[in-house]
Amino acid sequence: MRGGGQGRFQGEPDPVAAKFSRSVHFDRRLALHDLEGSRAHAVMLGRIGLLTAGEVAAIRRGLDRIEKEIRGGKFRWKDSLEDVHMNIEAALTQRVPAGAKLHTGRSRNDQVATDLRLWLREQVAGDCAAIRNLQKALVHLAEKHREVVLPGYTHLQRAQPVLLAHHLLAYVEMLDRDHGRLADAAQRADVMPLGSGAIAGSTLKLNREVTRKLLRFARISANSMDAVSDRDFLIEYLAAVALGGVHLSRMAEDMILFSSAEFAFLRFGEAFTTGSSLMPQKRNPDMAELVRGKSGRLTGHLVSLLTVLKGLPLSYNRDLQEDKECVFDAADTFRNSLEVMARAVASLEVDAGACAYAASAPELLATDLADALVKTGMPFRKAHQVVGAAVRMAEERGTRIDRLSRDDWETLAEGSSVPAAEVLGGSSPVIRARKALQARSAVAGAPSLTEVRRQILFWRKKLK
Ligand code: ARG
(Lines give C-alpha, C1' and ligand atoms only; values in the text may rest on other atoms or scores of the structure.)
Protein backbone atom coordinates (compact mmCIF):
# COMPACT_ATOMS: atom_id res chain seq x y z
CA MET A 1 0.00 0.00 0.00
CA ARG A 2 1.28 3.46 -0.78
CA GLY A 3 0.04 5.96 1.78
CA GLY A 4 -3.44 4.59 1.16
CA GLY A 5 -3.21 5.99 -2.37
CA GLN A 6 -4.47 2.98 -4.26
CA GLY A 7 -6.32 5.18 -6.76
CA ARG A 8 -3.21 6.81 -8.10
CA PHE A 9 -1.06 3.70 -8.48
CA GLN A 10 -1.67 0.60 -10.51
CA GLY A 11 1.04 -1.89 -9.71
CA GLU A 12 2.63 -3.08 -6.49
CA PRO A 13 5.62 -1.16 -5.07
CA ASP A 14 9.07 -2.61 -5.62
CA PRO A 15 9.64 -5.16 -2.85
CA VAL A 16 13.03 -3.77 -1.90
CA ALA A 17 11.62 -0.23 -1.82
CA ALA A 18 8.69 -1.41 0.29
CA LYS A 19 10.99 -3.10 2.78
CA PHE A 20 13.27 -0.10 2.83
CA SER A 21 10.52 2.36 3.64
CA ARG A 22 8.30 0.47 6.05
CA SER A 23 8.30 1.58 9.66
CA VAL A 24 5.66 -0.55 11.35
CA HIS A 25 8.27 -2.66 13.14
CA PHE A 26 9.28 0.38 15.16
CA ASP A 27 6.41 2.86 14.97
CA ARG A 28 3.93 0.34 16.39
CA ARG A 29 5.24 1.70 19.62
CA LEU A 30 2.93 4.67 18.94
CA ALA A 31 -0.16 2.45 18.58
CA LEU A 32 -1.96 3.46 21.77
CA HIS A 33 -1.33 7.13 21.11
CA ASP A 34 -2.50 6.70 17.53
CA LEU A 35 -5.75 5.17 18.81
CA GLU A 36 -6.19 8.00 21.28
CA GLY A 37 -5.73 10.56 18.52
CA SER A 38 -8.16 8.72 16.25
CA ARG A 39 -10.86 8.58 18.91
CA ALA A 40 -10.60 12.32 19.47
CA HIS A 41 -10.60 13.00 15.74
CA ALA A 42 -13.72 10.84 15.25
CA VAL A 43 -15.57 12.60 18.06
CA MET A 44 -14.67 15.95 16.53
CA LEU A 45 -15.88 14.84 13.09
CA GLY A 46 -19.15 13.86 14.78
CA ARG A 47 -19.47 17.28 16.45
CA ILE A 48 -19.11 19.09 13.13
CA GLY A 49 -21.60 16.78 11.44
CA LEU A 50 -19.25 14.85 9.14
CA LEU A 51 -19.98 11.60 10.99
CA THR A 52 -23.32 10.50 12.43
CA ALA A 53 -23.54 9.65 16.11
CA GLY A 54 -23.88 6.00 15.08
CA GLU A 55 -20.73 6.14 12.97
CA VAL A 56 -18.75 7.78 15.78
CA ALA A 57 -19.91 5.10 18.20
CA ALA A 58 -19.07 2.30 15.76
CA ILE A 59 -15.60 3.75 15.10
CA ARG A 60 -14.95 4.10 18.83
CA ARG A 61 -16.03 0.53 19.48
CA GLY A 62 -13.82 -0.67 16.64
CA LEU A 63 -10.83 1.28 17.98
CA ASP A 64 -11.47 -0.11 21.47
CA ARG A 65 -11.43 -3.62 20.10
CA ILE A 66 -8.19 -2.98 18.26
CA GLU A 67 -6.71 -1.60 21.46
CA LYS A 68 -7.63 -4.74 23.31
CA GLU A 69 -6.02 -6.89 20.63
CA ILE A 70 -2.86 -4.80 20.65
CA ARG A 71 -2.59 -4.87 24.44
CA GLY A 72 -3.18 -8.62 24.43
CA GLY A 73 -0.57 -9.15 21.73
CA LYS A 74 -3.23 -10.53 19.39
CA PHE A 75 -3.23 -7.78 16.77
CA ARG A 76 -1.84 -8.91 13.43
CA TRP A 77 0.61 -6.30 12.24
CA LYS A 78 1.12 -6.36 8.50
CA ASP A 79 4.42 -5.24 7.02
CA SER A 80 2.64 -4.64 3.73
CA LEU A 81 0.65 -1.85 5.41
CA GLU A 82 3.84 0.13 5.94
CA ASP A 83 3.26 1.93 9.23
CA VAL A 84 1.26 1.94 12.44
CA HIS A 85 -1.28 4.43 11.09
CA MET A 86 -2.28 2.40 8.06
CA ASN A 87 -2.29 -0.86 9.98
CA ILE A 88 -4.78 0.50 12.47
CA GLU A 89 -6.92 2.29 9.91
CA ALA A 90 -7.08 -0.82 7.69
CA ALA A 91 -7.98 -3.07 10.62
CA LEU A 92 -10.70 -0.62 11.65
CA THR A 93 -12.19 -0.35 8.19
CA GLN A 94 -12.26 -4.12 7.92
CA ARG A 95 -14.37 -4.31 11.09
CA VAL A 96 -16.40 -1.10 10.75
CA PRO A 97 -17.48 0.33 7.37
CA ALA A 98 -17.49 3.86 8.84
CA GLY A 99 -13.75 3.40 9.42
CA ALA A 100 -13.30 4.57 5.83
CA LYS A 101 -14.47 8.02 6.97
CA LEU A 102 -12.01 8.35 9.85
CA HIS A 103 -9.24 9.88 7.76
CA THR A 104 -11.50 12.79 6.77
CA GLY A 105 -9.63 16.08 7.22
CA ARG A 106 -6.55 14.28 8.44
CA SER A 107 -3.20 13.28 6.98
CA ARG A 108 -0.57 10.95 8.32
CA ASN A 109 1.57 14.04 8.54
CA ASP A 110 -0.47 15.72 11.27
CA GLN A 111 -1.36 12.31 12.67
CA VAL A 112 2.22 11.20 13.29
CA ALA A 113 3.16 14.60 14.69
CA THR A 114 0.26 14.27 17.15
CA ASP A 115 1.15 10.69 18.11
CA LEU A 116 4.72 11.67 18.82
CA ARG A 117 3.67 14.54 21.05
CA LEU A 118 1.31 12.30 22.98
CA TRP A 119 4.09 9.73 23.31
CA LEU A 120 6.55 12.35 24.52
CA ARG A 121 4.19 13.54 27.25
CA GLU A 122 3.95 10.05 28.70
CA GLN A 123 7.65 9.31 28.27
CA VAL A 124 8.77 12.48 30.03
CA ALA A 125 6.46 11.82 32.98
CA GLY A 126 8.10 8.40 33.41
CA ASP A 127 11.62 9.78 32.95
CA CYS A 128 10.99 12.45 35.56
CA ALA A 129 9.79 9.82 38.03
CA ALA A 130 12.91 7.73 37.33
CA ILE A 131 15.11 10.77 37.96
CA ARG A 132 13.36 11.37 41.28
CA ASN A 133 14.03 7.76 42.25
CA LEU A 134 17.73 8.05 41.56
CA GLN A 135 17.86 11.32 43.48
CA LYS A 136 16.19 9.55 46.40
CA ALA A 137 18.79 6.77 46.35
CA LEU A 138 21.58 9.38 46.38
CA VAL A 139 20.02 11.39 49.21
CA HIS A 140 19.46 8.22 51.19
CA LEU A 141 23.12 7.23 50.80
CA ALA A 142 24.21 10.77 51.71
CA GLU A 143 22.12 10.70 54.85
CA LYS A 144 23.30 7.25 55.88
CA HIS A 145 26.94 8.39 55.67
CA ARG A 146 26.41 12.04 56.47
CA GLU A 147 29.59 12.36 58.59
CA VAL A 148 31.98 10.62 56.20
CA VAL A 149 34.81 12.90 55.13
CA LEU A 150 36.79 12.27 51.97
CA PRO A 151 39.09 14.31 49.75
CA GLY A 152 37.46 16.55 47.21
CA TYR A 153 39.35 16.46 43.91
CA THR A 154 40.24 18.98 41.25
CA HIS A 155 42.35 17.77 38.31
CA LEU A 156 41.85 14.39 40.03
CA GLN A 157 44.36 15.58 42.63
CA ARG A 158 43.37 15.78 46.27
CA ALA A 159 42.23 19.35 46.85
CA GLN A 160 40.34 19.90 50.12
CA PRO A 161 38.34 17.69 52.47
CA VAL A 162 34.63 17.47 51.73
CA LEU A 163 31.77 15.35 53.01
CA LEU A 164 30.83 12.33 50.93
CA ALA A 165 27.25 13.58 51.29
CA HIS A 166 28.25 16.85 49.63
CA HIS A 167 29.78 14.96 46.71
CA LEU A 168 26.62 12.86 46.33
CA LEU A 169 24.35 15.88 46.55
CA ALA A 170 26.24 17.44 43.65
CA TYR A 171 24.66 14.73 41.48
CA VAL A 172 21.27 15.37 42.98
CA GLU A 173 21.59 18.98 41.81
CA MET A 174 22.59 17.95 38.27
CA LEU A 175 19.73 15.50 38.06
CA ASP A 176 17.36 18.19 39.19
CA ARG A 177 18.36 20.38 36.28
CA ASP A 178 17.89 17.38 33.96
CA HIS A 179 14.41 16.99 35.41
CA GLY A 180 13.77 20.66 34.73
CA ARG A 181 14.99 20.45 31.15
CA LEU A 182 12.76 17.46 30.42
CA ALA A 183 9.72 19.11 31.97
CA ASP A 184 10.49 22.25 30.01
CA ALA A 185 10.76 20.32 26.73
CA ALA A 186 7.45 18.60 27.44
CA GLN A 187 5.79 21.91 28.12
CA ARG A 188 6.93 23.39 24.81
CA ALA A 189 5.81 20.19 23.03
CA ASP A 190 2.33 20.50 24.52
CA VAL A 191 0.80 21.61 21.22
CA MET A 192 -1.81 19.83 19.08
CA PRO A 193 -1.03 19.48 15.36
CA LEU A 194 -4.27 17.74 14.22
CA GLY A 195 -6.14 19.90 11.75
CA SER A 196 -2.95 20.85 9.94
CA GLY A 197 -3.63 18.09 7.40
CA ALA A 198 -0.82 17.22 5.05
CA ILE A 199 0.48 20.80 4.93
CA ALA A 200 -2.33 23.32 4.44
CA GLY A 201 -5.15 22.51 6.84
CA SER A 202 -8.50 21.57 5.36
CA THR A 203 -11.45 22.96 3.46
CA LEU A 204 -13.68 21.14 5.96
CA LYS A 205 -14.74 23.10 9.01
CA LEU A 206 -12.68 21.14 11.53
CA ASN A 207 -13.05 22.19 15.13
CA ARG A 208 -9.54 21.91 16.46
CA GLU A 209 -10.51 23.18 19.89
CA VAL A 210 -12.66 20.08 20.41
CA THR A 211 -9.78 17.76 19.49
CA ARG A 212 -7.34 19.72 21.62
CA LYS A 213 -9.54 19.44 24.69
CA LEU A 214 -10.12 15.73 24.20
CA LEU A 215 -6.40 15.08 23.88
CA ARG A 216 -5.59 17.42 26.79
CA PHE A 217 -3.12 19.55 24.87
CA ALA A 218 -2.39 23.05 26.18
CA ARG A 219 -2.51 24.76 22.79
CA ILE A 220 -3.17 24.15 19.11
CA SER A 221 -0.42 24.68 16.57
CA ALA A 222 -0.53 28.08 14.89
CA ASN A 223 1.02 27.21 11.52
CA SER A 224 0.09 24.08 9.58
CA MET A 225 3.39 23.91 7.69
CA ASP A 226 5.38 24.17 10.89
CA ALA A 227 3.14 21.68 12.66
CA VAL A 228 3.68 18.84 10.17
CA SER A 229 7.41 19.35 9.76
CA ASP A 230 8.62 20.47 13.16
CA ARG A 231 10.61 17.93 15.12
CA ASP A 232 12.46 20.34 17.35
CA PHE A 233 10.38 19.09 20.27
CA LEU A 234 12.08 15.71 19.81
CA ILE A 235 15.48 17.35 19.49
CA GLU A 236 14.89 19.16 22.76
CA TYR A 237 14.02 15.84 24.35
CA LEU A 238 17.15 14.21 22.89
CA ALA A 239 19.26 17.12 24.08
CA ALA A 240 17.90 16.83 27.62
CA VAL A 241 18.43 13.07 27.56
CA ALA A 242 21.95 13.36 26.10
CA LEU A 243 22.94 15.78 28.83
CA GLY A 244 21.28 13.59 31.45
CA GLY A 245 23.34 10.71 30.09
CA VAL A 246 26.49 12.77 30.36
CA HIS A 247 25.66 13.47 34.00
CA LEU A 248 25.08 9.78 34.63
CA SER A 249 28.41 8.99 32.98
CA ARG A 250 30.23 11.33 35.34
CA MET A 251 28.53 9.80 38.34
CA ALA A 252 29.33 6.31 37.04
CA GLU A 253 32.96 7.29 36.48
CA ASP A 254 33.37 8.61 40.05
CA MET A 255 31.90 5.42 41.42
CA ILE A 256 34.12 3.28 39.21
CA LEU A 257 37.21 5.17 40.38
CA PHE A 258 36.15 5.20 44.01
CA SER A 259 35.51 1.47 43.99
CA SER A 260 38.96 0.65 42.61
CA ALA A 261 41.66 -0.59 44.99
CA GLU A 262 43.52 2.68 44.42
CA PHE A 263 40.74 4.61 46.19
CA ALA A 264 38.72 1.85 47.92
CA PHE A 265 36.12 4.33 49.22
CA LEU A 266 33.09 2.49 47.82
CA ARG A 267 31.99 -1.02 47.01
CA PHE A 268 29.10 -1.88 44.72
CA GLY A 269 26.80 -4.67 45.86
CA GLU A 270 27.80 -7.98 44.34
CA ALA A 271 24.63 -8.07 42.25
CA PHE A 272 25.87 -5.03 40.34
CA THR A 273 29.35 -6.35 39.57
CA THR A 274 30.72 -9.17 37.45
CA GLY A 275 33.67 -11.48 37.69
CA SER A 276 36.33 -12.16 35.11
CA SER A 277 36.43 -15.34 33.09
CA LEU A 278 40.17 -15.41 33.64
CA MET A 279 41.06 -13.60 36.85
CA PRO A 280 39.29 -15.14 39.83
CA GLN A 281 39.80 -12.13 42.11
CA LYS A 282 38.01 -9.59 39.89
CA ARG A 283 34.87 -7.69 40.87
CA ASN A 284 34.17 -5.38 37.96
CA PRO A 285 31.73 -2.45 38.11
CA ASP A 286 30.14 -3.36 34.76
CA MET A 287 26.80 -1.64 35.38
CA ALA A 288 28.45 1.71 36.00
CA GLU A 289 30.72 1.14 33.00
CA LEU A 290 27.72 0.43 30.77
CA VAL A 291 25.93 3.54 31.99
CA ARG A 292 29.08 5.51 31.19
CA GLY A 293 29.30 3.90 27.76
CA LYS A 294 25.65 4.29 26.88
CA SER A 295 25.89 8.03 27.30
CA GLY A 296 27.86 8.01 24.04
CA ARG A 297 24.86 6.50 22.30
CA LEU A 298 22.57 9.19 23.68
CA THR A 299 24.78 11.95 22.36
CA GLY A 300 24.87 10.14 19.01
CA HIS A 301 21.08 10.11 18.76
CA LEU A 302 20.91 13.85 19.37
CA VAL A 303 23.41 14.44 16.58
CA SER A 304 21.49 12.04 14.29
CA LEU A 305 18.23 13.92 14.50
CA LEU A 306 19.85 17.33 14.29
CA THR A 307 21.48 16.14 11.09
CA VAL A 308 18.23 14.74 9.69
CA LEU A 309 16.54 18.10 10.21
CA LYS A 310 19.40 20.23 8.95
CA GLY A 311 18.66 21.77 5.55
CA LEU A 312 15.32 19.95 5.21
CA PRO A 313 12.97 22.05 3.07
CA LEU A 314 9.48 22.79 4.34
CA SER A 315 7.33 21.03 5.03
CA TYR A 316 6.91 17.28 5.61
CA ASN A 317 9.55 15.06 4.00
CA ARG A 318 9.89 11.35 4.45
CA ASP A 319 13.28 11.94 6.07
CA LEU A 320 11.27 12.77 9.18
CA GLN A 321 10.42 9.11 9.59
CA GLU A 322 14.04 8.78 10.72
CA ASP A 323 13.11 10.54 13.96
CA LYS A 324 11.63 7.53 15.67
CA GLU A 325 14.35 4.94 16.03
CA CYS A 326 16.82 7.35 17.59
CA VAL A 327 14.21 8.88 19.88
CA PHE A 328 12.86 5.52 21.04
CA ASP A 329 16.31 4.06 21.59
CA ALA A 330 17.42 7.18 23.46
CA ALA A 331 14.31 7.02 25.65
CA ASP A 332 14.89 3.35 26.53
CA THR A 333 18.61 3.75 27.05
CA PHE A 334 18.18 6.76 29.31
CA ARG A 335 15.38 5.19 31.34
CA ASN A 336 17.28 1.92 31.80
CA SER A 337 20.39 3.80 32.85
CA LEU A 338 18.45 5.77 35.46
CA GLU A 339 16.84 2.63 36.81
CA VAL A 340 20.00 0.54 37.06
CA MET A 341 21.90 3.45 38.57
CA ALA A 342 19.28 3.93 41.28
CA ARG A 343 19.60 0.29 42.27
CA ALA A 344 23.40 0.24 42.04
CA VAL A 345 23.64 3.37 44.20
CA ALA A 346 21.37 1.78 46.80
CA SER A 347 23.74 -1.20 46.90
CA LEU A 348 26.86 0.89 47.62
CA GLU A 349 28.87 0.23 50.75
CA VAL A 350 31.10 3.00 52.04
CA ASP A 351 34.46 2.48 53.71
CA ALA A 352 34.44 5.49 56.02
CA GLY A 353 37.93 4.66 57.31
CA ALA A 354 39.50 4.64 53.86
CA CYS A 355 37.74 7.92 53.00
CA ALA A 356 38.88 9.58 56.22
CA TYR A 357 42.42 8.32 55.86
CA ALA A 358 42.66 9.79 52.36
CA ALA A 359 41.19 13.06 53.58
CA SER A 360 43.53 13.34 56.55
CA ALA A 361 46.66 14.39 54.67
CA PRO A 362 47.54 17.78 56.20
CA GLU A 363 48.30 19.24 52.77
CA LEU A 364 44.57 19.27 52.11
CA LEU A 365 44.35 22.04 54.70
CA ALA A 366 46.93 24.27 53.02
CA THR A 367 44.20 26.65 51.85
CA ASP A 368 42.67 26.75 55.31
CA LEU A 369 46.03 27.70 56.71
CA ALA A 370 46.34 30.49 54.15
CA ASP A 371 42.86 31.66 55.20
CA ALA A 372 44.02 31.67 58.84
CA LEU A 373 46.97 33.88 57.85
CA VAL A 374 44.56 36.21 56.05
CA LYS A 375 42.66 36.56 59.33
CA THR A 376 45.90 37.86 60.93
CA GLY A 377 45.96 40.62 58.32
CA MET A 378 48.38 39.07 55.82
CA PRO A 379 47.41 39.64 52.15
CA PHE A 380 46.17 36.41 50.54
CA ARG A 381 48.85 36.35 47.86
CA LYS A 382 51.54 36.49 50.56
CA ALA A 383 49.79 33.84 52.66
CA HIS A 384 49.60 31.56 49.61
CA GLN A 385 53.34 32.00 49.14
CA VAL A 386 54.18 31.23 52.78
CA VAL A 387 52.12 28.04 52.84
CA GLY A 388 53.43 27.00 49.42
CA ALA A 389 57.00 27.40 50.67
CA ALA A 390 56.10 25.31 53.73
CA VAL A 391 54.78 22.50 51.53
CA ARG A 392 58.00 22.60 49.56
CA MET A 393 60.14 22.62 52.72
CA ALA A 394 58.27 19.61 54.11
CA GLU A 395 58.61 17.80 50.80
CA GLU A 396 62.36 18.43 50.68
CA ARG A 397 62.78 17.12 54.21
CA GLY A 398 60.65 14.10 53.47
CA THR A 399 58.08 15.11 56.08
CA ARG A 400 54.60 16.68 56.24
CA ILE A 401 53.60 20.28 56.91
CA ASP A 402 52.06 19.44 60.26
CA ARG A 403 55.52 18.30 61.43
CA LEU A 404 57.20 21.69 60.78
CA SER A 405 58.34 23.53 63.92
CA ARG A 406 57.23 26.93 65.16
CA ASP A 407 60.69 28.23 64.15
CA ASP A 408 60.28 26.87 60.64
CA TRP A 409 57.00 28.73 60.29
CA GLU A 410 58.44 31.94 61.66
CA THR A 411 61.28 31.77 59.14
CA LEU A 412 58.87 31.09 56.30
CA ALA A 413 56.59 33.97 57.33
CA GLU A 414 59.54 36.34 57.84
CA GLY A 415 58.79 36.87 61.50
CA SER A 416 54.98 36.93 61.38
CA SER A 417 53.30 34.39 63.61
CA VAL A 418 51.54 31.53 61.83
CA PRO A 419 48.57 29.83 63.51
CA ALA A 420 49.75 26.47 62.13
CA ALA A 421 48.91 24.47 65.25
CA GLU A 422 45.36 25.86 65.25
CA VAL A 423 44.68 24.53 61.77
CA LEU A 424 47.00 21.55 61.49
CA GLY A 425 47.06 20.36 65.11
CA GLY A 426 44.37 18.36 66.84
CA SER A 427 43.85 15.04 68.43
CA SER A 428 43.45 13.09 65.16
CA PRO A 429 43.65 13.79 61.44
CA VAL A 430 39.97 12.92 61.08
CA ILE A 431 38.88 15.33 63.78
CA ARG A 432 41.11 17.91 62.14
CA ALA A 433 39.42 17.42 58.77
CA ARG A 434 36.01 17.60 60.41
CA LYS A 435 37.01 20.80 62.16
CA ALA A 436 38.03 22.18 58.79
CA LEU A 437 34.59 21.37 57.39
CA GLN A 438 32.89 22.95 60.39
CA ALA A 439 34.89 26.10 59.82
CA ARG A 440 32.94 26.47 56.56
CA SER A 441 29.52 26.65 58.15
CA ALA A 442 29.12 30.36 57.49
CA VAL A 443 29.25 29.84 53.72
CA ALA A 444 26.09 28.69 51.96
CA GLY A 445 26.73 25.82 49.57
CA ALA A 446 29.96 24.73 51.33
CA PRO A 447 30.42 21.20 52.72
CA SER A 448 30.08 21.90 56.46
CA LEU A 449 28.14 19.38 58.53
CA THR A 450 25.41 21.91 59.27
CA GLU A 451 25.03 23.09 55.69
CA VAL A 452 25.02 19.57 54.28
CA ARG A 453 22.47 18.46 56.87
CA ARG A 454 20.30 21.38 55.80
CA GLN A 455 20.64 20.30 52.17
CA ILE A 456 19.75 16.71 52.98
CA LEU A 457 16.62 17.90 54.78
CA PHE A 458 15.74 20.12 51.82
CA TRP A 459 16.00 17.24 49.37
CA ARG A 460 14.23 14.78 51.63
CA LYS A 461 11.27 17.14 51.77
CA LYS A 462 11.33 17.93 48.07
CA LEU A 463 11.54 14.27 47.05
CA LYS A 464 8.88 12.98 49.43
N1 ARG B 1 5.56 6.83 8.69
C2 ARG B 1 5.54 8.24 8.42
C3 ARG B 1 6.47 8.98 9.35
O4 ARG B 1 6.80 8.44 10.35
C5 ARG B 1 4.15 8.76 8.60
C6 ARG B 1 3.87 9.94 7.77
C7 ARG B 1 3.92 9.54 6.34
N8 ARG B 1 3.48 10.59 5.50
C9 ARG B 1 3.75 10.55 4.19
N10 ARG B 1 3.31 11.54 3.49
N11 ARG B 1 4.39 9.57 3.62
O12 ARG B 1 6.89 10.07 9.09
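Described in the following lines is the structure provided in the data block.

Reading guide: rules and limits
Residues numbered from 1 in each chain as written. Predicted model: local features only at pLDDT ≥ 70, side-chain atom pairs only at ≥ 80, totals over all residues. Heavy atoms only, no water. Axes fitted to C-alpha atoms, helices over the stretch in contact; angles between N-to-C directions. Helix = DSSP H or I, 4+ residues; strand = E, 2+ residues; numbered from the N terminus. Parallel < 35°, antiparallel > 145°, perpendicular 65-115°, else oblique. Left-handed = near helix turned anticlockwise from the far one by under 90°. Contact = heavy atoms within 4.5 Å. Buried < 20%, exposed > 50% of the residue type's maximum accessible area, 1.4 Å probe, protein only. Salt bridge = Lys/Arg side-chain N within 4 Å of Asp/Glu carboxyl O. Near = heavy atom within 4 Å. Polar contact = N/O pair within 3.5 Å; in protein donor to acceptor, adjacent residues only side chain to side chain. Areas by Shrake-Rupley, 256 points an atom, 1.4 Å probe, with all protein chains shown as cover. Arc of directions from axis to C-beta. Core = buried A, V, L, I, M, F, W, Y, C linked by side-chain atoms within 4.5 Å. Pairing = 2+ DSSP bridges.

What follows is about the packing of helix H10 (residues 232-258) against helix H12 (residues 323-346). One can describe the packing of H10 onto H12 by two numbers: an axis separation of 10 Å at closest approach and a directional angle of 30°. The angle between H10 and H12 places the two elements in the roughly parallel class. Note that H10 runs across H12; the crossing there is left-handed. Contacts between H10 and H12 involve Leu234, Tyr237, Leu238, Val241, Gly244, Gly245, Leu248, Met251, Ala252 and Met255 from the former and Asp323, Cys326, Val327, Ala330, Ala331, Phe334, Ser337, Leu338, Met341 and Val345 from the latter.

In this section: the environment of leucine 164. Within the secondary structure layout, leucine 164 lies in helix H7 (residues 164-188). For leucine 164, a relative accessible area of 3% puts it in the buried group. Taking the C-alpha atoms as reference points, leucine 164 and valine 148, separated by 16 residues in sequence, lie 5.7 Å from one another. If we skip the residues at most four places from it in the chain, leucine 164 touches His145, Val148, Leu150 and Val350.

Before going further, it helps to examine the pattern of salt bridges. All chains considered together, the criterion is met by 34 salt bridges. Of the charged contacts in the structure, one is a salt bridge between aspartate 176 and arginine 132, with a shortest N-O distance of 2.6 Å. Separated by 44 residues along the polypeptide, aspartate 176 in helix H7 and arginine 132 in helix H6 (residues 108-144) bring together distant segments of the chain. Judged by its relative accessible area of 17%, aspartate 176 falls in the buried class. Of the charged contacts in the structure, one is a salt bridge between aspartate 408 and arginine 397, with a shortest N-O distance of 2.9 Å. Here aspartate 408, found in helix H16 (residues 406-412), pairs with arginine 397, found in the loop between helix H15 (380-396) and H16; they are 11 residues apart in sequence, far enough to count as distant. What makes aspartate 408 buried here is its relative accessible area of 13%. Through salt bridges that share partners, Arg39, Asp64, Glu67 and Arg71 make up one connected network.

What surrounds the ligand is the set Ser23, Asp83, His85, Arg108, Asn109, Val112, Tyr316, Gln321 and Lys324. Contacts to the ligand include glutamine 321, whose side-chain N or O atom sits 2.8 Å from a nitrogen atom. Coverage of the ligand by the protein amounts to 86% of the 350 Å² it exposes when considered alone. Per element, the largest residue contribution to the shell around the ligand is 3 residues, and it comes from H6.

Along helix H18 (residues 429-438), the residues that are buried comprise Arg432, Ala433, Ala436 and Leu437. Relative to the axis of H18, the buried residues are bounded by an arc of 140° and lie together on one face. Where H18 is buried, its residues meet strand E1 (149-154), strand E2 (157-163), helix H13 (352-359), helix H14 (366-375) and helix H17 (420-424).

Bringing the nonpolar core into the picture now. Among the nonpolar cores identified, the biggest contains 78 residues, and Leu134, Leu138, Leu182, Tyr237, Leu248, Met251 and Met255 are the most heavily contacted of them. Aside from chain neighbours lying at most four places away, what touches leucine 248 is Leu134, Leu175, Val291, Phe334, Ser337, Leu338 and Met341. With 25 residues, the next largest nonpolar core counts Val24, Phe75, Ile88 and Val210 among its residues.

Our next topic: the pairing of E1. Strand residues, when the strand is regular, have side chains that alternate between the two faces of the sheet. In this sheet, E2 lies alongside E1 in antiparallel orientation, the contact comprising 6 bridges. Following the sheet pairing, valine 149 is matched in E2 by leucine 163. Connecting E1 to the antiparallel partner E2 that follows it, the hairpin turn spans 2 residues, and histidine 155 within it adopts a positive phi of roughly 55°.

Another aspect to go through is the environment of arginine 181. Within the element layout of this structure, arginine 181 appears in helix H7. Assessed through its relative accessible area of 31%, arginine 181 is described here as partly exposed. Spatially, the C-alpha atom of arginine 181 lies 10.0 Å from that of cysteine 128, the residues being 53 residues apart in sequence. When near neighbours in sequence (up to four residues on either side) are disregarded, arginine 181 contacts Met174, Ala240, Leu243 and His247.

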